[in-house]
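Residue strings, one per chain:
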Amino acid sequence: MVAYALHLLQLDFGLDQVHTLAHSVFELLNTMWFSLVLAFVFVGVLSQIPQSLVMAVLGRGGSTQGLVRATLAGVLMDLCSHGILMVGMKLYQKGASLGQTMAFLVASPWNSFSLTLILFALIGWQWTLAFIVLSMVLAITTGWIFEKLVAKGKLPANPVPLPPVSDVPIKTQAKEAFQSIQWNRKLLETVWRESISGSRIVLRWLLFGVVLASLIRAFVDPETFQQWLGPTALGLMVTLVVATVIEVCSEGSAPIAADIMNRTSAPGNGFAFLMTGVATDYTEVMVIKDTMSSWKIALFLPLITVPQVVVVALILNNLV
């Protein structure tokens with residue numbers, strides 16, 4: 001709030017670092033706010049949807065169909081990475097399996113309609129479609145690995161009890177659920193309360209990430225990054241480190257990834273920046289830890305996802 005106010009008041013005390021810090025906070029929050037508000041509303045609304053209907057849409061955990069459905073849900077949901085995180089945690093609390101939750105999170109952040117159009121303009125439709133397909137494949141394989149680890153007892157399963165399987169079609173369940181809604185003030189108050197409680201953990205770490213990313217922008221020369229992000233093994237490793245350290249929402253990551261790709265002729269690095277920013281994002285890791293009460297699950301996300309991203313990125317770099 002202080003940094004945001006400094007920007008509005010145009011106060012930098014004659015220091016370039018203060019100016020950059022305030023401007024970065026202002027820019028990041030202005031970029032994120034709409035997606036976060038939508039996610040805030042979705043979390044509250046989702047809390048009122050019957051668990052049986054949510055699971056009917058996602059399918060059963062531990063199945064290929066369930067992973068594919070969770071991946072498609074992530075791709076089609078037009079929210080930033082932090083907004084997706086709120087919704088993903090609510091899906092887990094509704095009974096989505098660990099594999100489905102991870103597939104949803106990995107597939108989601110930059111695979112939105114608006115960002116797809118942006119990437120079309122920045123890197124071309126061919127590379128954009130390739131990135132989308134590859135991210136979906138990685139989401140499904142990541143989810144599958146998590147499901148196998150849960151089945152073998154290496155990771156804890158979702159403790160939320162699942163509802164019994166219903167033979168009623170999804171459309172019928174949705175119609176019945178909609179008709180049972182009592183549209184009154186009490187409903188709005190309940191949605192509001194659930195929105196606040198369901199979003200609090202994410203917002204705490206999000207604000208921390210915004211401050212940290214702004215500090216990095218203020219004290220680290222961006223030209224230094226660009227010199228080290230070429231289409232080499234070292235450049236890819238540096239890209240992974242940069243993506244891990246810099247907290248950037250999906251709206252911000254797409255232009256940066258495109259800039260890395262265009263300036264260094266390294267499509268693999270651009271893809272790695274998009275995907276690794278999701279898998280190693282400390283906001284995401286900490287929220288998963290707090291929501292699922294497990295450091296092990298939180299740390300397994302980058303452990304499982306990053307090696308796959310590296311392999312795909314190396315292949316893409318060698319295609320150019």
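Values in this document were obtained by computation on a predicted structure and should not be read as measured data. (Residues numbered from 1 in each chain as written. Predicted model: local features only at pLDDT ≥ 70, side-chain atom pairs only at ≥ 80, totals over all residues. Heavy atoms only, no water.)

Student: Explain the overall build of the protein chain here, please?
Tutor: Secondary structure summary: the protein chain contains 16 helices and zero strands in total. By sequence separation, contacts in the protein chain at least 24 residues apart represent 79% of the contacts at least 6 residues apart. Carbon and sulfur atoms make up 69% of the accessible area of the protein chain, which amounts to about 15,600 Å² in all. (Helix = DSSP H or I, 4+ residues; strand = E, 2+ residues; numbered from the N terminus. Contact = heavy atoms within 4.5 Å. Areas by Shrake-Rupley, 256 points an atom, 1.4 Å probe, with all protein chains shown as cover.)

Student: Even after reading the chapter, I still don't get the pattern of salt bridges, so can you show me in this structure?
Tutor: Oppositely charged side chains may form a pair once their charged atoms are brought near each other. Scanning the entire structure with this criterion turns up two salt bridges. For E189, the salt bridge goes to R185, with nearest N and O atoms at 3.1 Å. Taken together, the residues E189 and R185, both in helix α10 (residues 185–219) and four residues apart, mark about one turn of the helix. A salt bridge links D290 to K289; its shortest N-O distance comes to 3.7 Å. (Salt bridge = Lys/Arg side-chain N within 4 Å of Asp/Glu carboxyl O.)

Student: What am I meant to see in the confidence of the model for the protein chain here?
Tutor: The predicted structure's coordinates, where accompanied by low pLDDT, should not be read in detail. Within the protein chain, residue pLDDT values average 80, and 82% of them lie at 70 or more. Confidence scores differ between elements of the protein chain, with helix α11 (residues 222–227) showing the lowest mean pLDDT of 64 and helix α1 (residues 2–8) the highest of 94. (pLDDT = per-residue confidence, 0-100.)

Student: Where do I start with the packing of aromatic side chains in this structure?
Tutor: For any pair of aromatic rings, the description rests on two quantities: the centre-to-centre distance and the angle between the ring planes. Tallying each qualifying case throughout the model produces three aromatic pairs. With 5.0 Å between their ring centres and 40 degrees between their planes, Y4 and F26 make a pair best called tilted. Pair noted here: Y4 is in helix α1 and F26 is in helix α2 (residues 16–48), with a separation of 22 residues, a long-range link. Clustering of aromatic rings is evident, with ring pairs tying together W127, F131 and F271. (Phe/Tyr/Trp six-rings, centres within 6.5 Å; stacked < 30°, edge-to-face > 60°.)

Student: Teacher, can you tell me more about the packing of helix α6 (residues 98–107) against helix α8 (residues 125–151) here?
Tutor: When two helices pack together, their arrangement is given by the angle between the helix axes and by the axis-to-axis distance. Between α6 and α8, the shortest axis-to-axis distance is 8 Å and the interhelical angle comes to 160 degrees. Relative to α8, the element α6 lies roughly antiparallel. Pair α6 / α8 crosses with right-handed handedness. Of the residues in α8, those in contact with L98, G99, Q100, M102, A103, V106 and A107 of α6 are L138, A139, T142, G143, F146, E147 and V150. Partitioned by chemical class, the residues of the contact of α6 with α8 number nine nonpolar, four polar and one charged. (Axes fitted to C-alpha atoms, helices over the stretch in contact; angles between N-to-C directions. Parallel < 35°, antiparallel > 145°, perpendicular 65-115°, else oblique. Left-handed = near helix turned anticlockwise from the far one by under 90°. Nonpolar A, V, L, I, M, F, W, Y, C, P; charged D, E, K, R; others polar.)

Student: Explain helix α12 (residues 233–245) here, please?
Tutor: Because each turn of an α-helix spans 3.6 residues, side chains separated by three or four positions end up pointing in the same direction. Between the first and last C-alpha of α12 there are 19 Å, a value that for 13 residues agrees with the 18 Å anticipated at 1.5 Å per step. Buried residues of α12: G235, L236, V238, T239, L240, V242 and A243, and no others. (Expected span 1.5 Å × (residues − 1). Buried < 20%, exposed > 50% of the residue type's maximum accessible area, 1.4 Å probe, protein only.)

Student: Hey, could you run me through unusual backbone geometry in this one?
Tutor: Glycine aside, the phi torsion of most residues is negative, and most peptide linkages are trans. Although it is not a glycine, Q10 sits at a positive phi angle of roughly 55 degrees. Checked against the element boundaries, Q10 lands in the loop between α1 and α2. We classify Q10 as exposed; its relative accessible area is 59%. Phi is positive for S293, close to 55 degrees, though the residue is something other than glycine.

Student: Teacher, can you tell me more about the nonpolar core here?
Tutor: Here is a general trend for soluble globular proteins: nonpolar side chains tend to be buried in one another's company. Ranked by internal contacts, the top residues of the largest apolar core, which has 56 residues, are L98, M102, L105, I288 and M292. In terms of residue count, helix α16 (residues 295–319) provides more of this core than any other element does, 10 residues in total. Of all hydrophobic cores here, the second largest spans eight residues; its members include V25, L28, V43 and V210. (Core = buried A, V, L, I, M, F, W, Y, C linked by side-chain atoms within 4.5 Å.)

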